[in-house]
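The residues making up each chain are set out below.
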Amino acid sequence: MHSITASFKPDSSGTGPKQLGYIPNLKLNDGNEIPLFGYGLGSARSRDEAEKTMQVTVTAINNGYYHLDGAQSYKNETELGAAIKKSGVDRSKLFVTTKLQNMNKDVPAAFAASLERLGLDYVDLYLIHAPFGASSPEHLQQTWAALEAIQRRAAHGPSGCPTSSCRTLRRTSPTGSWPSAARARSRRGVRPADRRAQGAPGPCDDAYAELAAKYGVSEADVALRWCIDQGIVAITTSASEQRLKGYMNRLPAFKLTPKEIERIAEEGKKKHYRGYWLRNFAEDDRR
């Protein structure tokens, strides 16, 4: 498997990184590897579009998207499992993620139900979907401990929190073991995941346009590559086969320089965008 370290730090040299020709995996603290680019079934499609959700996911798998991201809350696990089966791709080649719904207190039962809906024996990553929904720090710590217990019994992939802040993550520390976390914002060796490059129009628009012209790619490609080049897991939920193919064809073909990565980061600080859970965060909270 192709992997990179998690220690990349952009600088101002402008030196172009070596072109790899493929999208690498990220090696986690527990030794597992996670593909840095994946396909998410998302929450936009309604239950009456279950067949479409399954077919689009098959299309994604057949176009090389082997990191697949589902969720109990979004009620797409059945479609994800059906798509995996229909694709014919060997399970061992896939990295499958699902999530615990809203701090469910019976974690083992919720996990077993997710596996049943997926039709799988294991998942590669099991996440707490909304850790800030915990009723108390102790509740979060108990839930985290339950995920770690599942990980130890299953001897498969890591656990983590996909939508958490540093403060939320610290609340797990009295009982949690940090190396298992795969996707969360923290300085303790766990890595962030970027769901979508959103917030347009914004201060990065000019940089995206210039870099897209320079590399002969789309502005969305530049935004996704900015994540990948920093070891940040990026997820697309596109239902367009043309777009899915385009990402897989273009993203391995170029890399941003450290100076370009730094430019986008600095421009991005000029605007803060939060699309979800607005009631859980103060207006000036930029975490």
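Residues numbered from 1 in each chain as written. Predicted model: local features only at pLDDT ≥ 70, side-chain atom pairs only at ≥ 80, totals over all residues. Heavy atoms only, no water.

K.L.:
What is the right way to read the pattern of salt bridges from this model?
P.N.:
Opposite charge on two side chains allows them to pair when their charged atoms are near. Taken as a whole, this structure holds 10 salt bridges when the rule is applied. For the salt bridge of Glu260 with Lys214, the shortest nitrogen-to-oxygen distance reads 2.5 Å. Here Glu260 is found in helix α9 (residues 258-268), whereas its partner Lys214 is found in helix α6 (residues 205-215), with 46 residues between them in sequence. Across the pair Arg225 and Asp229 runs a salt bridge, and its minimum N-O distance is 2.8 Å. The exposure class assigned to Asp229 is buried, which follows from its relative accessible area of 6%. (Salt bridge = Lys/Arg side-chain N within 4 Å of Asp/Glu carboxyl O. Helix = DSSP H or I, 4+ residues; strand = E, 2+ residues; numbered from the N terminus. Buried < 20%, exposed > 50% of the residue type's maximum accessible area, 1.4 Å probe, protein only.)

K.L.:
Explain the nonpolar core to me, please; I cannot follow it from the model alone.
P.N.:
A general trend in soluble globular proteins is that nonpolar side chains are found buried together. Formed by 65 residues in total, the largest nonpolar core has its most connected members in Phe37, Tyr126 and Ile264. For this core, the leading source of residues is helix α7 (residues 219-228), giving six residues. Looking at which domains feed residues into this core, each of domain 1 (33-174) and domain 2 (185-272) supplies at least three. Excluding its chain neighbours within four sequence positions, the residues that come into contact with Phe37 are Ile23, Tyr65, His67, Leu224, Ile228, Ala234, Thr236, Tyr247, Met248 and Leu251. (Core = buried A, V, L, I, M, F, W, Y, C linked by side-chain atoms within 4.5 Å. Domains from an automatic or database assignment. Contact = heavy atoms within 4.5 Å.)

K.L.:
Can you walk me through the UniProt feature "site: Lowers pKa of active site Tyr" (unreviewed entry) in the protein chain in this structure?
P.N.:
Here the UniProt-annotated "site: Lowers pKa of active site Tyr" (unreviewed entry) positions come out as Lys99. Considering the arrangement of structural elements, one finds Lys99 in strand β6 (residues 95-100). (UniProt positions renumbered as here; feature names shortened; annotations may be inferred.)

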